[in-house]
Every structure is written in structure tokens, then in C-alpha cells.
Amino acid sequence: APIIVWFRNDLRLADNPALTAAAQASAERGAPVIPLYVLEDEDATPWALGGAQRWWLHGSLERLAARCAHLGSPLVLRRGEPGAVIDALVAETGADCVLWNRRYAPTWSARDAAVEERLKARGVDARSFNAGLLAEPWTVEKKSGGPFKVFTPFWRHLSATLDPPMPTRAPSALKAPRTAPASDALDRWGLLPAKPDWAAGLRRRWVPGEAAALSHLADFLDGPVGAYATERDRPDHDGTSALSPRLAFGEIGPRQVWHAARHAADARPELAPGIDAFLREIGWREFQHHLLHHAPELPDTPLDRRFADFPWREDPAGLRAWQRGRTGYPIVDAGMRQLWQTGWMHNRVRMITASFLIKDLLLPWQEGERWFWDTLVDADLAQNAGNWQWVAGCGADAAPFFRVFNPILQGEKFDPQGDYVRRYVPELDRLPPRWIHQPWAAPTEVLRQAGVRLGDDYPRPFLDHAVARDRALAHYRERKGK
Ligand code: FAD
């Protein structure tokens, strides 16, 4: 009887334990393997895939389907409630085993548990594996018991105890069932934007799929990682790995990243400091999953309850200016436009733009979280929620609320020549570095020579940062008293 492998956010063939188990069982008992992807019904969760991720998913599935077909058993595409879809496929094919890799966000893990129970009740062998984390949340505990709430001890503990298994290779062939199950046509899922076609920038920037993920990791570890500890904060240089969307879709897994990075550090000791700093960020990814597992309310509710009734403002014009990259603060606007055009934003600038929304505009962090969710190709419930709460100062191990990012100083420090701003805010292209992060302060003659008409080509500041900062701090002091 066939074995179904249910792909989800593990869109790869190598280091995929569910697929490896299926291929092994198939070799032992000659069973066919049916690779399956289910596009889950959109309204089952408030966190249905955002637009940018739908675009990515299309590209990733296209490539996965090509590889499955090449190995011998085409990928079956179906849509609907996964329990019902899988039940139907089991009935159609007579499959007696369904394997998948676990998801960790509570919305999805509850759903998976229901699927598992239903299959087992029908006598189907249903089993799940870990493909997505170095250590699953329930396996990491403080010495004194209970989950970690602070990153540094979490990572100290994890990195000292970790011994992740070696990644497995992709199977060399997959035996197809005698009759191919019906499959939807990917193009008919409507994952790509119709009109307007906003995805041109995404197409220019990214190649989804496992092969691109692996070669990208290899290129990064081949050199750029050496300078990562300092370069990671420079949005004007491409000093980070850009692996986040690939990790979010599981085109590559953290065990592959871990072993490849350790191997590179052994081979070239001069890279080791960069590699340690890089793996520490992979550790942050683990930590956010850990937090979400233990605090399922993370995407909606501040972990620090003093923020539950924070007097956030309502300001549709401010929100729109932020979303469109027209706040008048160049580093903020460059970040928001990078996000819109490419589906990704540099981490330093994510912190600056998030701080601007929360502390300068005094808008609820959940508004920013929503916007990021829809526009990021790497949107991930745990990473997005945990990081927004971190910047808001209401999460676990968060930056204190009184630390307000100054968009001018941050710009001058991390984009000293203004090259990042120039790339995404071409209106300011000809402004000299001295003024590029605060064009409103430039002498009229400088603006004229640079061809910038403030309030016309480029907005004047939406608000005065110094005044907004004092307003935020006044609110913070009030919270502190609670
Ligand atoms: P690198 O610097 O190369 O880091 C390597 C990997 O480490 C990343 O791919 C990522 O998996 C992990 N990592 C790096 N920084 C962080 C971090 N601060 N927290 C958790 N993991 C991290 N990341 C997402 O993957 N999805 C999100 O939805 C997301 N939302 C964010 C929202 C805000 C407000 C902020 C401040 C950060 C958010 N991040 C999110 C974290 C971080 O910005 C991205 O992971 C990083 O910019 C991805 O680029 P990279 O792959 O080049 O990172």
C-alpha cells in the first residue's frame, strides 16, 4: 500500500526525515510514495498566507514538483481542510501510512494533532518528525524546570548541549503508485498576483526552491560569513545570509545550516567568529519558536501585561505614510520601500521602522506585525510576533520601552554614505551623505543643487522625532508605575 508524504513548510528533498522514512519503507516493502501538498483553506486561521508568501510558495512548489517528477513520483496538489483531503486520498489510493514533519505554531500543531488522531482511528499509520528546528520546544528546559524566558541562557544551554543529527541526502528515486492520483494545476491556485502585478521586484530579487537555497548557503559560508559579526548591521552592504524565506518555507533546514557552518569553521578557523555570530541568530530563531510554543498568545497579546491597556493612538494617515515609505525620515522610508519592492527588509532597518511605528507614531505593534505578515517573503508567526514584541518592549527578554531608536542617528551610523537610502529613495539620490538622513535640515542651496523639493518630491517629516520621543517616554513612565 502507498505511503503519503505530506509536505508543508519543509519544501525540500534533502534532510527531510518524513521523506527519508518513506523512501526507506518504500525500499523495504516496495511501497509507492505519494508526495502531497495541501493548500489549506484560507479562513481556518487569521494568519492565512500573506501576498508575498503566496508568490514564494508558487515558485517553491513549482520546483519541488519538478524534482518529485524527476525522481519518479509526481507531487499531488490538493486544496481544502487537510484532514478531509488526506482522508479522501487515503480512500482513493489505499495508502496505509501518512508521514509529515511537525509544525510548531499552536494553530497548526493543533490542526496536525487532529489529522493524526483521525488517521489513527482509521488504522492508518500516521507519524511525524522534526525537520524544522535544532531542538523542539518541549525538549529544552531550564535546570530548575520550565521554559527559558531569556535568550542568552537559552542559547548558552542549547549550544552547549546540541548535537543535531547529520542531514540526510535526497532520495535517489521515488516509486510512483500504479495510477497517478488526480492533482490540481498549480497555476490555477491563484497564488501569483494578477493585476496589478506587484511581484516584479520579487522576481528580480529571489529564486525560490531547494537548489537555490543550498547554493546560496554555500556561497555565504564561502566567505561573506567571515565579516558577519560587523557587517550584519549594515543595510548598505549585503552582509547577511538572506536565508530567512528559505528557512520559513523549509527549502533548507537548520540542521543543514548548522553542520555546513560548523564544517566551514573547522576548515577555515578565520571564519569562526563570524560563524559563531551567525549561528547565534539561528539560535534566536529557535528561541522565538520556543516562546510561541509556551505562549500561544504571542501574536496578539503583549507578554508583559502592563501593556495590555496601553493607550495606542489611531492614525490612519500615519499608518499609511509608514506603510508606503513616506514618513519623511529617509532610513524608515528606505526600509519600508525595500520591504514593498523585494519582500524582505534588513534586520537593522526592521528594528528602526518597527520602533518608528510603535514609539514615534504610537500605533499598536500588531498593526506593524500585520503589515509585515502580508509583505514579507520570510513571514513566520513566531519570528514576526516575537520580534515585534521585542521592539515594543512588551515581549520576553525585550528591549526596554524607553530605548527609542533615533532614525537620524541610526541612519548615520549604519548607512554612513546613505547608499541604502539612495537605493530605495531615489528622490534623494543627489543629496550629500551629511544631509541624506535629515534632508529637512539641509541648506536651501544644497537641496536646490540636489534637485530635491521637500514636500513635493519627498515628504517633509510626518512628525518631529524629539517631540514624539518625549510623548512615548511619558507613556512608558506611567506603565512603569503599574
Ligand atoms: P541573517 O542575519 O543572515 O541571520 C540568519 C538567520 O537567523 C535568519 O535567516 C533567521 O532565520 C535568523 N535570525 C536572524 N535574526 C533574527 C531575529 N532577530 N529573530 C529571529 N531569528 C533571526 N525573521 C523571520 O524569519 N520572519 C519574520 O517574520 C521576521 N519578522 C521580524 C519582524 C521585526 C519587527 C524584526 C525586528 C525582525 C524580524 N525578523 C523576522 C528577524 C530578522 O529580521 C530576519 O530573520 C532577518 O533579517 C533575515 O535576514 P537574513 O536571513 O539575511 O538574516
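Rules behind the numbers
Residues numbered from 1 in each chain as written. Predicted model: local features only at pLDDT ≥ 70, side-chain atom pairs only at ≥ 80, totals over all residues. UniProt positions renumbered as here; feature names shortened; annotations may be inferred. Helix = DSSP H or I, 4+ residues; strand = E, 2+ residues; numbered from the N terminus. Rg over C-alpha atoms; globule rule 2.2 N^0.38 Å. Buried ≥ 20, exposed ≤ 12 C-beta atoms within 10 Å, placed from the backbone. Contact = placed C-beta atoms within 7 Å. Near = placed C-beta within 6 Å. Nonpolar A, V, L, I, M, F, W, Y, C, P; charged D, E, K, R; others polar. Domains from an automatic or database assignment. Pairing = 2+ DSSP bridges. Right-handed = clockwise from strand over helix to strand, strands pointing away. Expected span 1.5 Å × (residues − 1). Axes fitted to C-alpha atoms, helices over the stretch in contact; angles between N-to-C directions. Core = buried A, V, L, I, M, F, W, Y, C linked by C-beta atoms within 7 Å.

- Where an unreviewed UniProt entry is consulted, the protein appears under the name Deoxyribodipyrimidine photo-lyase, with the organism given as Azospirillum endophyticum.
- A UniProt comment under Sequence similarities (unreviewed entry) is attached to the protein, and it reads "Belongs to the DNA photolyase family."

### Some details on the overall build of the protein
Logical step 1: Secondary structure assignment for the protein yields 21 helices and five strands.
Logical step 2: Relative to the 2.2 N^0.38 estimate, which gives 23 Å for 482 residues, the radius of gyration of the protein is 24 Å and therefore close to what a compact globule would have.
Logical step 3: By its C-alpha atoms, the protein is 80 × 50 × 50 Å across when sized along the principal axes.
Logical step 4: For the protein, buried positions account for 45% of its 482 residues.
Logical step 5: Long-range pairs, those at least 24 residues apart, make up 77% of the contacts in the protein between residues at least 6 apart in sequence.

### Describing the UniProt feature "domain: Photolyase/cryptochrome alpha/beta" (unreviewed entry) in the protein
Logical step 1: Cross-referencing UniProt, the feature "domain: Photolyase/cryptochrome alpha/beta" (unreviewed entry) maps to residues 1-134 in the present numbering.
Logical step 2: For the annotated span residues 1-134, helix accounts for 46% and strand for 21% of the residues, and the straight-line distance between the end C-alpha atoms is 33 Å.

### Quick notes on the site of the ligand
Logical step 1: Close to the ligand lie 27 residues, the nearest being T240, S241, E281, N384 and N387.
Logical step 2: Secondary-structure elements contributing two or more residues to the shell around the ligand are α9 (244-248), α11 (272-294), α14 (347-360) and α16 (381-392).
Logical step 3: Grouping the constituent residues of the shell around the ligand by class yields 13 nonpolar, eight polar and six charged.
Logical step 4: Looking at which domains feed residues into the shell around the ligand, each of domain 2 (132-164 + 210-294) and domain 3 (305-477) gives three or more.

### Remarks on the pairing of strand β4 (residues 97-101)
Where a strand is regular, its side chains alternate between the two sheet faces.
Logical step 1: Extensive coverage of β4 is indicated by the burial of five of its five residues.
Logical step 2: By the bridge criterion, four bridges tie strand β1 (residues 3-7) to β4 in an arrangement that is parallel. If you follow V5 over to β4, its bridge partner there is L99.
Logical step 3: Here β4 runs beside strand β5 (residues 125-129); their pairing, made up of five bridges, is parallel. Pairing of W100 across the sheet is with S128, part of β5.
Logical step 4: The handedness of the β4 to β5 crossover, carried by helix α4 (residues 106-121), is right-handed.

### Focus on the domain arrangement of the protein
Logical step 1: Parsing the protein into structural domains produces domain 1 (3-131), domain 2 (132-164 + 210-294) and domain 3 (305-477).
Logical step 2: The gap between the C-alpha centroids of domain 1 and domain 2 is 26 Å.
Logical step 3: At the junction of the two partners, domain 1 supplies 15 residues and domain 2 supplies 17 residues.
Logical step 4: Considering every element that reaches the side of domain 1 that touches domain 2, the biggest residue donor is helix α2 (residues 51-71), with three residues.
Logical step 5: For the side of domain 1 that touches domain 2, a count of residues per class yields six nonpolar, four polar and five charged.

### Some words on helix α15 (residues 365-375)
Logical step 1: Regarding α15, the residues found buried are W365, E367, G368, E369, F372, W373 and T375.
Logical step 2: In this structure, the buried side of α15 is in contact with α2, α12 (316-324), α13 (330-342), α14 and α16.

### Regarding α4
Logical step 1: If you check α4, its first and last C-alpha atoms are 22 Å apart, about what 16 residues at 1.5 Å a residue would give, namely 22 Å.
Logical step 2: Looking at the residues trailing α4, positive phi occurs at G123, about 80 degrees.

### What about unusual backbone geometry?
Logical step 1: Note that the residue after K195, namely P196, is joined by a cis bond; omega there is -5 degrees.
Logical step 2: Position of P196 relative to the elements: it lies in the loop between α5 (151-161) and α6 (200-205).
Logical step 3: A positive phi is found at A242, a non-glycine position, where the angle reads about 55 degrees.
Logical step 4: Here A242 is to be found in the loop between α8 (228-231) and α9.
Logical step 5: For A242, a count of 17 C-beta atoms within 10 Å puts it in the partly exposed group.

### Let's talk about the pairing of strand β3 (residues 76-80)
Logical step 1: Summarising the sheet, strand β2 (residues 33-40) and β3 pair through five bridges and their orientation is parallel. Within the sheet, the bridge partner assigned to E40 lies in β3 and is G80.
Logical step 2: Taken together, β2, α2 and β3 form a β-α-β motif whose crossover is right-handed.

### Some points on the sheet that holds β2
Logical step 1: In spatial order, the strands read β3-β2-β1-β4-β5; together these five strands make up an open sheet with parallel pairing. Of all the strands in the sheet, the pair left with one neighbour each is β3 and β5. The sheet shows a mean angle of 25 degrees between the axes of neighbouring strands, taken without regard to direction.
Logical step 2: Most of the contacts of helix α1 (residues 17-29) go to β4, to which it runs at about 150 degrees, and overall it touches β1, β2, β4 and β5.

### Describing the nonpolar core
Logical step 1: Ranked by internal contacts, the top residues of the largest apolar core, which has 123 residues, are I4, V5, W6, L36, I86 and V98.
Logical step 2: Per-element accounting of this core gives the leading share, eight residues, to α2.
Logical step 3: Every residue in contact with W6, bar those within four places of it in the chain, is listed here: L36, V38, I86, V98 and W100.

### Things to note about the environment of E314
Logical step 1: One can find E314 in the loop between α11 and α12.
Logical step 2: Along the chain, E314 and Q338 lie 24 residues apart, while their C-alpha atoms are 25 Å from each other.

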